[in-house]
Amino acid sequence: MGNQMDKLSHLSYAEVPTVDPNGVDTEDGPRIGVSYIFSNDDDELEEGCAVDGTEKDPNQEEKQYDQRDEVECAVYNRDECIYEKSVKSASLEVYSPENLLNKCKAGDLVEFVATGQYPHWAVYVGDFQVVHLHRAEVKNSFLTDASQGRRCRIVNDLYKFKALGADMVVQNAMEQVGLKDRELSWRNSECFAAWCRFGKREFKMGGEIRIGKQPYRLKIFMSDKHSHVLEFQSLEDMVMEKRRNDHLGRTAVLQELATHFNSVEETKSDLLCPNGCGENEYNGCWSQSL
């Protein structure tokens, strides 16, 4: 109905096509990628619930947020880098909400982070307040309340788009306060906050037609020499996958990728030609041997 989409569960890496696992980006042959509909993320969790939806143990101590578990990545729209999160290119230092207030200016983007949670984004509008999309409603809250105890940082420079003027960013945010449910044009807090600052329709639901070649590439840096690339037909889809990785953390993402690569190698081994020539069915030998 309207721009509402049915929720689909996330597919594992073994279930979606990807580009070369070594990060080699060639133009030979058809390009493949990921194109599917995601469910909402940070609006699904209720206060007092763990990430898996179960009730939190009030006696269980929260894990200390570890910046070393950040997933370093870059996003390209064709050949242009439009997003980059790397310890080499940007400060990932986080602060308490009280300390961040001394650094914020109206129009800044703020990200709240905690281990095992989706990052939550907000627009600082001045007077210690932020506007953010939370639980399918755009709200105006005090920054300290919106943080819900999480660490936070200013993330103006992660996206490489040209920002609107601070007054326009604040106006964009304030004009949406009170929108909820089917009135919304964004699927998560990051897309909403980024739209307020950059004004690009691509951050909105249905902002791009998902047809044809995938113009967006999400490059996940596994090490200094190795990376893995996923392709998407829309910026919205890419943001949802990037946020899922942020939620999992670097260790879990690398484990997931390793499992995927191992399953691919096992599949290739199973398809080796019975003639013992070392070829597999993708090279045409299998059918010739029958």
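Residues numbered from 1 in each chain as written. Predicted model: local features only at pLDDT ≥ 70, side-chain atom pairs only at ≥ 80, totals over all residues. Heavy atoms only, no water.

With an unreviewed UniProt entry as reference, the chain is termed LRAT domain containing 2a, source organism Seriola dumerili.

### What to know about the environment of Gly199
Topologically, Gly199 is positioned in the loop between helix H4 (189-198) and strand S8 (216-221). Separated by 35 residues in sequence, Gly199 and Leu164 place their C-alpha atoms 7.2 Å apart. Those residues in contact with Gly199 that sit more than four places away from it in its chain are Leu164 and Ala194. (Helix = DSSP H or I, 4+ residues; strand = E, 2+ residues; numbered from the N terminus. Contact = heavy atoms within 4.5 Å.)

### Thoughts on H4
For H4, the buried fraction is high: ten of the ten residues fall into the buried class. Residues Ser189, Glu190, Cys191, Phe192, Ala193, Ala194, Trp195, Cys196, Arg197 and Phe198 constitute the buried set of H4. Packed against the buried residues of H4 are strand S3 (109-113), strand S4 (120-126), strand S5 (129-133), strand S6 (138-142), helix H3 (166-174) and helix H5 (235-248). Looking at the residues trailing H4, positive phi occurs at Gly199, about 70 degrees. (Buried < 20%, exposed > 50% of the residue type's maximum accessible area, 1.4 Å probe, protein only.)

### Focus: the side chain of Ser86
Within the secondary structure, Ser86 sits in the loop between strand S2 (80-85) and helix H1 (97-100). A polar atom in the side chain of Ser86 sits 3.2 Å from the side chain of Glu72. (Polar contact = N/O pair within 3.5 Å; in protein donor to acceptor, adjacent residues only side chain to side chain.)

### Regarding the packing of H3 against H4
Two numbers describe how H3 lies on H4: the axes approach to 7 Å, and their chain directions differ by 140 degrees. If you check the angle between H3 and H4, you find them oblique. The handedness of the crossing between H3 and H4 is right-handed. Contacts from Val169, Asn172 and Ala173 of H3 reach H4 at Phe192, Trp195, Cys196 and Arg197. (Axes fitted to C-alpha atoms, helices over the stretch in contact; angles between N-to-C directions. Parallel < 35°, antiparallel > 145°, perpendicular 65-115°, else oblique. Left-handed = near helix turned anticlockwise from the far one by under 90°.)

### Quick notes on the sheet that holds S8
A sheet is described by the order of its strands in space; here four strands give the open sequence S2-S1-S8-S9, paired in antiparallel fashion. The open sheet has two edge strands, S2 and strand S9 (227-232), and neither has a second partner. Taken over all neighbouring pairs, the strand axes of this sheet differ in orientation by 20 degrees on average, direction set aside. In this sheet, S2 lies alongside strand S1 (residues 73-77) in antiparallel orientation, the contact comprising five bridges. Residue pairing in the sheet places Tyr76 in a bridge with Cys81 of S2. On the sheet, H5 packs against S1, S2, S8 and S9 and is oriented at approximately 15 degrees with respect to S8. (Pairing = 2+ DSSP bridges.)

### Digging into the state of the cysteines
This structure, assessed with the given rule, holds zero disulfides. Cysteine Cys73 shares no disulfide, and the gap to the nearest cysteine sulfur, in Cys81, comes to 9.4 Å. You can see Cys104 has no disulfide; the closest cysteine sulfur is in Cys152, sitting 7.3 Å from it. (Disulfide = S-S within 2.5 Å.)

### What about the pattern of salt bridges?
Opposite charge on two side chains permits pairing when their charged atoms draw close. Applying the stated criterion across every chain yields a total of twelve salt bridges. Two residues, Arg153 and Glu70, come together in a salt bridge whose shortest N-O distance is 2.7 Å. Linking Arg153 in strand S7 (residues 151-154) with Glu70 in the segment before S1, this pair joins segments that are 83 residues apart in sequence. Overall, the relative accessible area of 2% leaves Arg153 in the buried class. Shared partners join several salt bridges into a network, and the residues in it are Glu70, Lys85, Glu111, Arg153, Glu190, Lys242, Arg243 and Asp246. (Salt bridge = Lys/Arg side-chain N within 4 Å of Asp/Glu carboxyl O.)

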